[in-house]
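Each chain, written out:
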Amino acid sequence: MSRDAIENLTLDLEEMRTLAGSAQRNRVQQMLAIDIRKLETDIQRQRDLLAAQASSEQSISRPVQTSVPGDIRRYQVELKEYAWDQSDKFIKIFVTVNGVQQVPEDNVNVEFTENSFQLVISDLNNKDYIFVVNNLLNPIDTEKSYRRVKSDMVAIYLAKQAPTKWAHLTLTAKRLQDLKDERFSDGKKATADDPSSGLMNIMQKLYESGDAETKRTINKAWHESQTKQKGMGME
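Keep in mind the model is a prediction, meaning the values are calculated, not measured.

Conventions we followed
- Residues numbered from 1 in each chain as written.
- Predicted model: local features only at pLDDT ≥ 70, side-chain atom pairs only at ≥ 80, totals over all residues.
- Heavy atoms only, no water.
- pLDDT = per-residue confidence, 0-100.
- Contact = heavy atoms within 4.5 Å.
- Pairing = 2+ DSSP bridges.
- Helix = DSSP H or I, 4+ residues; strand = E, 2+ residues; numbered from the N terminus.
- Axes fitted to C-alpha atoms, helices over the stretch in contact; angles between N-to-C directions.
- Salt bridge = Lys/Arg side-chain N within 4 Å of Asp/Glu carboxyl O.
- Buried < 20%, exposed > 50% of the residue type's maximum accessible area, 1.4 Å probe, protein only.
- Core = buried A, V, L, I, M, F, W, Y, C linked by side-chain atoms within 4.5 Å.

*Asks:* Outline the confidence of the model for the protein, supporting the account with residue identities and numerical values.
*Replies:* Looking at the protein as a whole, the pLDDT averages 78, with 70% of positions reaching at least 70. Confidence drops under a pLDDT of 50 for residues 59-71, and excluding neighbours within four residues, the segment shows zero contacts in the predicted structure.

As structure tokens, then:
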């Protein structure tokens, strides 16, 4: 991720903090708090990756220039699509990466912590692929966790510390499901008490399923609405 992209994420974070400060509904505050924590984690992780990459580039001596003009520079691709399954002993993550079997084994690395993991595939078609999952639902055994490279896929095996069934992969997914269940259970009551809650629920669903641009648009509309209401109250 480039520095410009990190700056855009930082601007998003500042705007979401502003929205959270003016939010009045508890559920909206909870949703914004979750997204704020996610953005903070993403920004710090990308800064760490940039710093590590810069340090690595400085420590490696420049190769002798060949007859090929110009420098070939790799860029990072953040992987987001995956599937997961589980057994009594492992959580299994399947990340599709076309041609991954073509790179050396040493170019495919996974760093495990008790509550997260990071997959890095170096120099695949002149690109570095990164896949990160934070806030795992339960702690894992890092010593017994491992990965396997298959045809067009990397399989990551997270060793469970206890043979319990995971309802979700991450704590974030669990919190979102809890919020959805809460809204569903008291949806009729909220609609009766507040006629505008129906529209609010629709906006929340669009926000949860939308991409970054959709979320920015909804945030902006909500902020403008709140500002307008405050202005009318002061007249």
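*Asks:* Talk me through the sheet that holds strand S4 (residues 108-113); I want residue IDs and the actual numbers.
*Replies:* Here we have four strands laid out as an open sheet, ordered S1-S6-S5-S4, and mixed in their pairing. Each edge of the open sheet is held by one strand with a lone partner, namely strand S1 (75-78) and S4. Each strand of the sheet is rotated relative to its neighbour by a mean of 20°, with strand direction disregarded.

*Asks:* Lay out the environment of Thr 18 in plain terms, naming residues and giving numbers.
*Replies:* Of note, Thr 18 is situated in helix H1 (residues 3-22). As a C-alpha pair, Thr 18 and His 223 span 205 residues in sequence and 8.9 Å in three-dimensional space.

*Asks:* Describe the pattern of salt bridges, and please don't skip the residues or the numbers.
*Replies:* Pairing is possible between side chains of opposite charge, provided their charged atoms come close. Considering all chains together, one arrives at two salt bridges under this definition. A salt bridge links Arg 74 to Asp 128; the nearest nitrogen and oxygen atoms lie 2.8 Å apart. Here Arg 74 is found in the loop between helix H2 (26-59) and S1, whereas its partner Asp 128 is found in strand S6 (residues 127-133), with 54 residues between them in sequence. Overall, the relative accessible area of 12% leaves Asp 128 in the buried class.

*Asks:* Describe the environment of Leu 137, naming the residues involved and giving the relevant values.
*Replies:* Looking at where Leu 137 falls in the secondary structure, it is placed in the loop between S6 and strand S7 (140-150). Judged by relative accessible area, which is 15%, Leu 137 ranks as buried. Sequence separation of Leu 137 and Thr 170 is 33 residues, and the distance between their C-alpha atoms is 4.2 Å. Setting aside residues up to four positions removed in sequence, Leu 137 forms contacts with Trp 166, Ala 167, His 168, Leu 169, Thr 170, Leu 171 and Lys 174.

*Asks:* I'd love a proper account of unusual backbone geometry, names of residues and values included.
*Replies:* Positive phi, close to 55°, is recorded for Asn 125, a residue that is not glycine. Within the element layout of this structure, Asn 125 appears in the loop between strand S5 (116-124) and S6. Judged by relative accessible area, Asn 125 falls into the exposed class, the value being 55%. You will see that Asn 135, though not glycine, has its phi angle at about 55°, which is positive. Mapping Asn 135 onto the fold places it in the loop between S6 and S7.

*Asks:* Give a description of the nonpolar core that names residues and reports values.
*Replies:* Among the nonpolar cores identified, the biggest contains 25 residues, and Ile 93, Phe 117, Leu 119, Ile 121, Ile 156 and Leu 158 are the most heavily contacted of them. Secondary-structure elements contributing two or more residues to this core are strand S3 (90-96), S4, S5, S6 and strand S8 (153-160). Among the elements that line this core, the one with the most residues is S5, at four residues. In this structure, Ile 156 is in contact with Ile 91, Lys 92, Ile 93, Val 95, Val 110, Phe 112, Phe 117, Leu 119, Tyr 146 and Arg 147, ignoring residues within four places of it in sequence.

*Asks:* So what's going on with the sheet that holds S8? Which residues, and what values?
*Replies:* Strand order in the open sheet formed by four strands is S2-S3-S8-S7, and the pairing between neighbours is antiparallel. Pairing within the sheet leaves two strands with one partner each, and these edge strands are strand S2 (83-86) and S7. Strand-to-strand twist in this sheet, taken as the mean axis angle between neighbours without regard to direction, amounts to 20°. Pairing geometry for S2 and S3, over four bridges, is antiparallel. Across the sheet, residue Gln 86 finds its bridge partner in S3, namely Ile 91.

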